[in-house]
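Close look at the chain arrangement
For reference, the chains in residue letters:
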Amino acid sequence: MKPLADFPLDSMNTLGVKSKAEYFYSFGSVEELEHVIGWARSHNQPLRLLGGGSNVLLEPDVSGLILQSAILGKHCVRDTESQVWLKVGAGENWHDFTQWSIQNGYCGLENLSLIPGLVGASPIQNIGAYGVEVSSLIESVEVYDLEQNQLRTLNKMECEFAYRDSIFKRSEGRALIVLNITFVLDKSPSVNISYPVLQQHFENANIAKPSARDVANAVIEIRQNKLPSPSETPNVGSFFKNPVVDEDQLSQLLKLHPEMPHYTHGALYKIAAAWLIDQAGWKGKAIAGVAVHHQQALVVVNPEHQNLDVILGFASEVQRDIQQKFGISLEIEPQCLASIELDRSAAW
Ligand code: EPU
């Protein structure tokens, strides 16, 4: 076992930026992970964690040791008449897992079909689409804790899930490496088609009681029509988060822009950032080869494989303009790989 030096990450990030890792290692078991952590300690290398690369912003040269989970497996760990508990390895492909679960008669993941990336990344940004957030289907997350040097299981509460957020994204959760996730799925069909485009889709198709397979097929069709495929046009899905505002801010905005799409979000309101960017005239607009996608204004595309500086320069132009036109600050959704310093005094 030895990490690979000067490892190219060009094909391991869907934004298509040129990038190189100082060291890279893909681990397939806890034993391999412990071994490589020992290597990083003895070589004084910080760690960084990479999933499927579909929600990251990579520098041209990424220092330290990049770890990627290749832990596989889909096991039923509990079963009742109405529900099933599935423990799934972080290295499994997300979309393949959603389709496998539907084929096996399990319901819940259909709205999250076709999201790129690995299962292990799903709780980190709490992936969500078409009215469903993955946190609603997670019972627990098994992690390796680099501070305590042991395996731990975090229940759903401990994951501190929120919109596009969880403990794993924050500094207090950075030392946690996701290994396996336990999902709770329904055995009976209990689909959620509350999201407006899904409702519309089934009204048009005259289907009153869609199955999980019907919902998955609809989501796949809608995504393929609206979102660019990363294998054809480099992108990381939504580049910005939808801003969340309180009632006062919302009513001020609606006075000026009565048609602005917004959704309740607990006691607050989510505004469609795509609409703001679209209204500001950015749809299809490019600077130095980086562009706002012509069909979904929340997606930034990088067809010329520009490096991260150019992409961030473009994003800050969009942010500045939206601030100026609407008084709203847009937050970037994908993340840079945080560096985790290891405690060298830990016993090995
Ligand atoms: N809209 C525009 N212009 C556009 C695109 C959309 O005005 O170019 C308007 C639409 O008319 C709609 C509203 O904006 O009223 C919302 O659009 P959409 O339903 O496409 O969803 P979104 O809020 O832009 C979010 C997620 C997506 C997810 C979709 C569907 C975030 C940051 N993004 O986008 O997630 O697929 O909902 O649920 O929450 C991702 O995270 O990478 C991602 C693609």
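This report concerns the structure included in the present document.

Calculation rules
Residues numbered from 1 in each chain as written. Predicted model: local features only at pLDDT ≥ 70, side-chain atom pairs only at ≥ 80, totals over all residues. Heavy atoms only, no water. Helix = DSSP H or I, 4+ residues; strand = E, 2+ residues; numbered from the N terminus. Rg over C-alpha atoms; globule rule 2.2 N^0.38 Å. Buried < 20%, exposed > 50% of the residue type's maximum accessible area, 1.4 Å probe, protein only. Contact = heavy atoms within 4.5 Å. Areas by Shrake-Rupley, 256 points an atom, 1.4 Å probe, with all protein chains shown as cover. Axes fitted to C-alpha atoms, helices over the stretch in contact; angles between N-to-C directions. Parallel < 35°, antiparallel > 145°, perpendicular 65-115°, else oblique. Left-handed = near helix turned anticlockwise from the far one by under 90°. Nonpolar A, V, L, I, M, F, W, Y, C, P; charged D, E, K, R; others polar. Pairing = 2+ DSSP bridges. Near = heavy atom within 4 Å. Polar contact = N/O pair within 3.5 Å; in protein donor to acceptor, adjacent residues only side chain to side chain. Salt bridge = Lys/Arg side-chain N within 4 Å of Asp/Glu carboxyl O. Disulfide = S-S within 2.5 Å. Core = buried A, V, L, I, M, F, W, Y, C linked by side-chain atoms within 4.5 Å. Phe/Tyr/Trp six-rings, centres within 6.5 Å; stacked < 30°, edge-to-face > 60°.

**Thoughts on the overall build of the protein chain**
The number of helices and strands found in the protein chain is 7 helices and 20 strands. Expected size for 348 residues packed as a compact globule is a radius of gyration near 20 Å; at 21 Å, the protein chain falls within 12% of this value. Each principal axis of the C-alpha distribution contributes one length, and for the protein chain these read about 60 × 55 × 40 Å. Looking at the protein chain as a whole, 50% of its 348 residues are labelled buried. Long-range pairs, those at least 24 residues apart, make up 63% of the contacts in the protein chain between residues at least 6 apart in sequence. With an accessible surface of roughly 16,100 Å², the protein chain has 48% of that area assigned to carbon and sulfur atoms.

**Topic: the packing of helix α3 (residues 196–204) against helix α4 (residues 212–226)**
Two numbers describe how α3 lies on α4: the axes approach to 11 Å, and their chain directions differ by 115°. Judged on the interaxial angle alone, α4 and α3 are roughly perpendicular. Note on packing geometry: the crossing formed by α3 with α4 is right-handed. Taken together, the residues of α4 that come into contact with α3 (itself represented by Val197, Leu198, His201 and Phe202) are Asp214, Val215, Ala218, Val219, Glu221, Ile222 and Lys226. Each residue belonging to the contact of α3 with α4 can be placed in one class, and the counts come to 7 nonpolar, 1 polar and 3 charged.

**A look at the sheet that holds strand β13 (residues 235–238)**
In spatial order, the strands read β13-β19-β18-β17; together these 4 strands make up an open sheet with antiparallel pairing. A single partner strand is all that each edge strand has here, and the edge strands are β13 and β17 (286–287).

**Digging into the environment of Ile287**
Relative to the helices and strands, Ile287 is located in strand β17. With relative accessibility at 36%, the residue Ile287 sits in the partly exposed group. Once the C-alpha coordinates of Ile287 and Phe7 are considered, the two residues, 280 residues apart in sequence, prove to be 30 Å apart. In this structure Ile287 touches Trp282, Phe314 and Glu317, once residues within four positions along its chain are discounted.

**Comments concerning the site of the ligand**
Around the ligand, a shell composed of 23 residues is seen, among which Tyr130, Tyr163, Arg164, Tyr195 and Asp278 lie nearest. Between the ligand and the protein, one listed contact pairs an oxygen atom with a side-chain N or O atom of Arg164 at 2.7 Å. Considering the ligand on its own, with 830 Å² of exposed area, one finds that the protein chains cover 83% of that surface. Elements with a minimum of two residues in the shell around the ligand: β8 (128–129), α4, β13 and α6 (273–279). The greatest single-element share of the shell around the ligand, amounting to 3 residues, is contributed by α6. Residue classes in the shell around the ligand are distributed as 12 nonpolar, 6 polar and 5 charged.

**A word on the sheet that holds strand β6 (residues 74–79)**
Pairing between sheet strands relies on hydrogen bonds along the backbone, with the strands arranged either parallel or antiparallel. Read across the open sheet, the 5 strands follow the order β6-β7-β12-β10-β11; overall the sheet is antiparallel. The outermost strands of the open sheet, each flanked by one partner alone, are β6 and β11 (150–155). Direction aside, the axes of adjacent strands within the sheet are offset by 25° on average.

**A word on the pattern of salt bridges**
Evaluated as defined, the whole model comprises 14 salt bridges. The residue Arg170 makes a salt bridge to Asp165 at a minimum N-O spacing of 3.2 Å. Under the relative-accessibility criterion, Arg170 is labelled partly exposed at 22%. One continuous salt-bridge network, built from bridges that share partners, spans Glu160, Asp165, Arg170 and Glu172.

**Quick look at the state of the cysteines**
The final tally for this structure, using the stated rule, is 0 disulfides. For the unlinked cysteine Cys76, the closest cysteine sulfur is that of Cys107, found at 16 Å. Residue Cys76 is classed as partly exposed on the basis of its relative accessible area, which comes to 44%.

**Quick look at the nonpolar core**
Most often, soluble globular proteins keep nonpolar side chains buried together rather than apart. Formed by 45 residues in total, the largest nonpolar core has its most connected members in Leu9, Phe239, Phe240, Leu276, Ile277, Val318 and Ile322. Secondary-structure elements contributing two or more residues to this core are β2 (20–27), β4 (56–57), β5 (61–69), α5 (247–256), β16 (268–271), α6, β18 (290–292) and α7 (308–326). Here this core takes 7 residues from α7, the largest share from any one element. When neighbours within four sequence positions are excluded, Val318 is seen to be in contact with Phe240, Ile277, Trp282, Val292 and Leu330. Cys159, Phe161, Leu176 and Ile222 belong to the second largest nonpolar core, which has 36 residues in total.

**Thoughts on the packing of aromatic side chains**
This structure, assessed with the given rule, holds 11 aromatic pairs. Taken together, a centroid distance of 5.8 Å and an interplanar angle of 75° make the contact between Trp94 and Phe97 edge-to-face. Of this pair, Trp94 and Phe97 are both found in helix α2 (residues 94–103), 3 residues apart, which corresponds to roughly one turn of the helix. For Phe97, a relative accessible area of 1% puts it in the buried group.

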